[in-house]
Amino acid sequence: MPVGGLVSWRRAIEYVNQIPTDETTAEIRVRTHNPWARGMSFEQMRHEVAHELGHVLGLDDSRRLGAVMSPLDLRRPVGKVGDDELEALHRLRDLAAEVRREALEYAMRV
Ligand SMILES: [Zn+2]
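Presented here is a report on the structure given in the accompanying data block.

### A look at the coordination of the zinc ion
Coordination of the zinc ion by the protein involves His51 (NE2), His55 (NE2) and Asp61 (OD), with metal-donor separations of 2.0 to 2.1 Å. For the zinc ion, the single-chain donor residues occur in sequence as H-x3-H-x5-D. On the criterion of helical spacing, the pair formed by His51 and His55 is a turn pair, its members being four residues apart in helix H1 (residues 42-57).

### What to know about the pattern of salt bridges
Summed over all chains, the structure comprises six salt bridges. Asp84 is the salt-bridge partner of Arg64, the closest N and O atoms lying 2.9 Å from each other. Taken as a pair, Arg64 in the loop between H1 and helix H2 (83-109) and Asp84 in helix H2 lie far apart in primary sequence, 20 residues in all. With a shortest N-O distance of 3.2 Å, Asp73 and Arg75 are connected by a salt bridge.

### Topic: H1
Along its 16 residues, H1 runs 22 Å from first to last C-alpha, staying within 8% of the 22 Å computed at 1.5 Å per residue. Among all positions in H1, only Gln44, His47, Glu48, His51, Glu52, Gly54 and Val56 are buried. Looking at the buried positions of H1, the neighbouring elements they touch are strand S1 (5-16) and strand S2 (19-30). Once H1 ends, the next one or two residues include Gly58, with phi positive near 115 degrees.

Conventions and cut-offs
Residues numbered from 1 in each chain as written. Predicted model: local features only at pLDDT ≥ 70, side-chain atom pairs only at ≥ 80, totals over all residues. Heavy atoms only, no water. Donors = N, O, S within 2.8 Å, 3.2 Å for Na, K, Ca; no water. Helix = DSSP H or I, 4+ residues; strand = E, 2+ residues; numbered from the N terminus. Salt bridge = Lys/Arg side-chain N within 4 Å of Asp/Glu carboxyl O. Expected span 1.5 Å × (residues − 1). Buried < 20%, exposed > 50% of the residue type's maximum accessible area, 1.4 Å probe, protein only. Contact = heavy atoms within 4.5 Å.

Spelled out as structure tokens, the structure:
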């Protein structure tokens, strides 16, 4: 199955003056033409960019129709992040904040 895009990303955490700092870099590649050599529409590319950004932020692929994290259906690109996907992002944000707090507490002890 041809892919609409891909992402490679890297997250590094290092301690600077005992303070954990993180840096995330990502390179997102998106198809500009579909498998039949026709140009991808803005909506199709937007779906793909949102999908790949979702991966960078920690979301997995989904099989739910109408989800940004589902594979791109060229006939029905998704233009809005779903409530379940937003909830997952909020949980990941809260978890990341908790990990950061624990890392800071650890850094203070050593
Ligand atoms: Zn994916």
